[in-house]
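# Chains, contacts and geometry: an overview
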Amino acid sequence: MIDNLESDYNCANAGDDLPQLKQELATLRGQGDESKETQERINRLENQISFIMNKCDINH
């Protein structure tokens, strides 16, 4: 998970960051752990992925 995404995020990093975030998200979802902490991490990862895709105009 990326610790801090800001409005000045460099889209040149998206090619590395997005696959990493998506992999981490898939791993968490695959664990079947439904604890509040895990759900918060999943939500944060989804938000980070959406932020990068919107900021960098990526349509996947």
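Anything mentioned here points back to the structure above.
Residues numbered from 1 in each chain as written. Predicted model: local features only at pLDDT ≥ 70, side-chain atom pairs only at ≥ 80, totals over all residues. Heavy atoms only, no water.

### Observations concerning the environment of Leu21
- Tracing the sequence through the fold places Leu21 in helix α1 (residues 14-31).
- Judged by relative accessible area, which is 1%, Leu21 ranks as buried.
- Separated by 14 residues in the primary sequence, Leu21 and Ser35 have C-alpha atoms spaced 20 Å apart. (Helix = DSSP H or I, 4+ residues; strand = E, 2+ residues; numbered from the N terminus. Buried < 20%, exposed > 50% of the residue type's maximum accessible area, 1.4 Å probe, protein only.)

### Here's the deal with the nonpolar core
- In this structure, Tyr9, Ala14, Leu18, Leu21, Ile49 and Ile52 are the most contacted members of the largest nonpolar core, which totals 14 residues.
- Counting only elements with at least two residues in this core, the list comes to α1 and α2 (36-55).
- Those residues in contact with Ile49 that sit more than four places away from it in its chain are Leu18, Leu21, Lys22 and Leu25. (Core = buried A, V, L, I, M, F, W, Y, C linked by side-chain atoms within 4.5 Å. Contact = heavy atoms within 4.5 Å.)

### Details of the pattern of salt bridges
- Summed over the entire model, instances satisfying the criterion amount to 2 salt bridges.
- Salt-bridge contacts for Arg41 lead to Glu24; the nearest nitrogen and oxygen are separated by 3.0 Å. With Arg41 in helix α2 and Glu24 in helix α1, the pair connects residues that are 17 residues apart, well separated along the chain.
- When its relative accessible area of 33% is taken as the criterion, Arg41 is described as partly exposed.
- Residue Glu24 is classed as buried on the basis of its relative accessible area of 18%.
- The partner of Glu46 in a salt bridge is Arg29, and the shortest N-O contact between them spans 2.2 Å. Here the residue Glu46 occupies a position in helix α2, and Arg29 occupies one in helix α1, the gap between them amounting to 17 residues. (Salt bridge = Lys/Arg side-chain N within 4 Å of Asp/Glu carboxyl O.)

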